[in-house]
Amino acid sequence: MSIPLDYEMLRLIWWALLGVLLIGFALTDGFDLGTAALLPFVGRTDEERRMVINTVGPTWEGNQVWFILGGGAIFAAWPFVYAVSFSGFYLAMFLVLSALILRPVGFKYRSKRPDAAWRSRWDWALFVGGFVPALVFGVAVGNVLLGAPFRLDSDMRSFYEGTLLGLFTPFSLVAGLLSVAMLVLHGAGWLSLKAEGVVVERAQRFGTAAAILAILLFAVGGAFVAYGDMGYRLVGVVDPNGPSNPHLIQTVRAPGAWLANYATYPWMLAAPLLGFLGPVLALIGIRSRSGTLVFTGSSLANVGIIATVGLSMFPFILPSAIDPASSLTAWNASSSHLTLFIMLVCTLIFLPIVLAYTAWVYKVMFGRVSGEELRLNPDLY
């Protein structure tokens, strides 16, 4: 079968698509997580908390599609990455999934009884379901930048030599708190668009703190990357069209190397710039009481911060801290040439359908959730 795109181009496309899926998850399910993390603090009465819950009630399940698509894309396009990350980070992944399971249960059971204590417990369960994944996702990204403690033997079997507590280093905690800050800001932006009254005012106060923290933590993380002992680079001849065999590409540890791409490709500086300007725009929106500006700023912050990680590391996807020669890159960890092409064709067919359906749902559900609607509509949570 003649494939119209060469192996290098398909690998590059799928590396970019993986980034798009991660950004799509942050932009959609991200505000669900941020809203849940804000729930006990911006809603002080039962009606206020129901208002918060129902801002995400119609769409949160659909937003999780991006999470599933991201995992599926890693499994199909980057099997080495899937095998190492999902097995090595198993306990962290179990922690995330346990927290995420609280969300559907909390949404469905919270209002089944009028008892205040019953509802309060489910509200805090929803908080855990929003805060814990946001924190652990950020910690995971921090560990990817540091390098994961795994190695591959001569038969390509992976051996993970880390622990759950070992994931929580000073830098990874900064990354985790940055993730929480940017998603809480995103949740505040969503509530600015969808809620009303005192809930919006409280959300914007928390959004102000989250925006300032996001700027500071992003700067601190950048200092860690620039001056800390992290970074990897490829040495020797690299064939982007070569076979998927990590042992065929030589990698060495090189502190500061995560900044090298910005010197080679200055246009990449747009990503960290966006990571700083997004929260600033959100702060301007909060000051001017414009929910649209707040949400736009929080969205741009998500795009910029996530893109910064991907562009800084390219072509690395998952470097190894204990055996740099086992590091996984866009050039040595992908599926076959034919598999990537068939998947791309399927993506070009089905992704527009997913996007069109998602846009239609948001159009239908457009508008603020009001107290009167909560009292009159028995179908709301």
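The numbering scheme is per chain: residues are counted from 1 as the chain's sequence reads. Predicted model: local features are reported for residues with pLDDT of at least 70 only, side-chain atom pairs are reported and counted for 80 or more only, and whole-chain, interface and lining totals are derived from all residues. Where side-chain values are given, they derive from all heavy atoms of the structure, hydrogens and water being excluded.

Draft legend 1. A look at the nonpolar core. We define a nonpolar core as any set of buried Ala, Val, Leu, Ile, Met, Phe, Trp, Tyr and Cys residues linked to one another through side-chain atoms lying within 4.5 Å. With a 1.4 Å probe rolled over the protein chains alone, any residue whose accessible area is under 20% of its type maximum counts as buried; one over 50% counts as exposed, and the rest are partly exposed. Counting residues in hydrophobic clusters, the biggest one holds 99 residues, and the most contacted among them are W14, W78, W258 and L328. Looking at this core, the element that brings in the most residues is helix α1 (residues 7-42), giving 14 residues. The contact rule is simple, with two residues in contact once any of their heavy atoms fall within 4.5 Å. Beyond its immediate stretch of four places on either side in the chain, W14 contacts A73, A77, W78, L340, M343, L344 and T347. Secondary structure counts use DSSP, requiring at least four H or I residues in a row for a helix and at least two E residues in a row for a strand, with both numbered from the N terminus.

Draft legend 2. Representation of the packing of aromatic side chains within the structure. For Phe, Tyr and Trp, where Trp contributes only its six-membered ring, two rings pair if their centres lie within 6.5 Å, and the inter-plane angle classes them as stacked under 30 degrees, edge-to-face over 60, or tilted in between. Counting across every chain of the model gives 27 aromatic pairs. Their ring planes at 80° and their centres at 5.9 Å tell us that F89 and Y160 sit as a pair that is edge-to-face. Taken together, the residues span a long stretch of sequence, with F89 in the loop between α5 (79-88) and α6 (90-109) and Y160 in strand β2 (residues 158-160) at a distance of 71 residues. When its relative accessible area of 25% is taken as the criterion, Y160 is described as partly exposed.

Draft legend 3. Seen up close, unusual backbone geometry. The omega torsion across F314 and P315 is 5°, close enough to zero to call that bond cis. Position of P315 relative to the elements: it lies in the loop between α12 (291-313) and β5 (316-318). Unusually for a residue other than glycine, M156 sits at a positive phi of about 70°. Here M156 shows up in the loop between β1 (150-152) and β2. Taking the relative accessible area as the measure of exposure, M156 reaches 23% and is therefore partly exposed. One non-glycine residue, R289, lies in positive phi territory at about 55°. Topologically, R289 is positioned in the loop between α11 (270-287) and α12.

Draft legend 4. Molecular detail of helix α8 (residues 170-194). Expected span of a helix, by definition, is 1.5 Å for each gap between consecutive residues, and there is one gap fewer than residues. Taking 1.5 Å as the rise per residue, α8 with 25 residues should run 36 Å; its terminal C-alpha atoms sit 36 Å apart, in good agreement. Counting buried residues in α8 gives 21 out of 25 residues, a clear majority hidden from the surface.

Draft legend 5. Geometry of the environment of G275. Mapped onto the secondary structure, G275 falls in helix α11. Residues G275 and G297 lie 22 residues apart in sequence; the distance between their C-alpha atoms is 9.5 Å. When residues no more than four places from it in sequence are discounted, the contact partners of G275 are F218, A301, G304 and I305.

Draft legend 6. Structural context of the packing of α8 against α12. The angle between two axes is taken between their N-to-C directions and runs from 0 to 180 degrees, where each axis is a line fitted to C-alpha atoms and a helix contributes only its stretch in contact. Where α8 meets α12, the closest approach of the two axes is 8 Å, and the angle between their N-to-C directions is 155°. Considered as vectors, α8 and α12 are oriented roughly antiparallel to each other. Viewed along their axes, α8 and α12 form a crossing whose handedness is left-handed. Touching L178, M182, L183, L185, H186, G189, W190, S192 and L193 of α8 are G291, T292, V294, F295, S298, S299, N302, I305 and I306, all from α12. Partitioned by chemical class, the residues of the contact of α8 with α12 number 10 nonpolar, eight polar and no charged. An angle counts as roughly parallel when it lies under 35 degrees, as roughly antiparallel when it exceeds 145, as roughly perpendicular when it falls between 65 and 115, and as oblique in every other case. Left-handed describes a crossing whose near helix is turned anticlockwise from the far helix through less than a right angle; right-handed describes the clockwise counterpart. Side-chain classes follow a simple rule in which Ala, Val, Leu, Ile, Met, Phe, Trp, Tyr, Cys and Pro form the nonpolar group, Asp, Glu, Lys and Arg form the charged group, and the remainder, Gly included, forms the polar group.

Draft legend 7. Broad picture of the side chain of N332. Along the chain, N332 falls in the loop between β6 (328-329) and α13 (337-364). Residue N332 is classed as buried on the basis of its relative accessible area of 0%. Residues contacting N332, with those up to four places away along its chain left out, are F80, P243, S244, N245, P246, I249 and S327.

Draft legend 8. Here's a closer look at the environment of G166. Along the chain, G166 falls in the loop between β2 and α8. Judged by its relative accessible area of 41%, G166 falls in the partly exposed class. Between the C-alpha atom of G166 and that of T329, which follows or precedes it by 163 residues, the distance is 23 Å.

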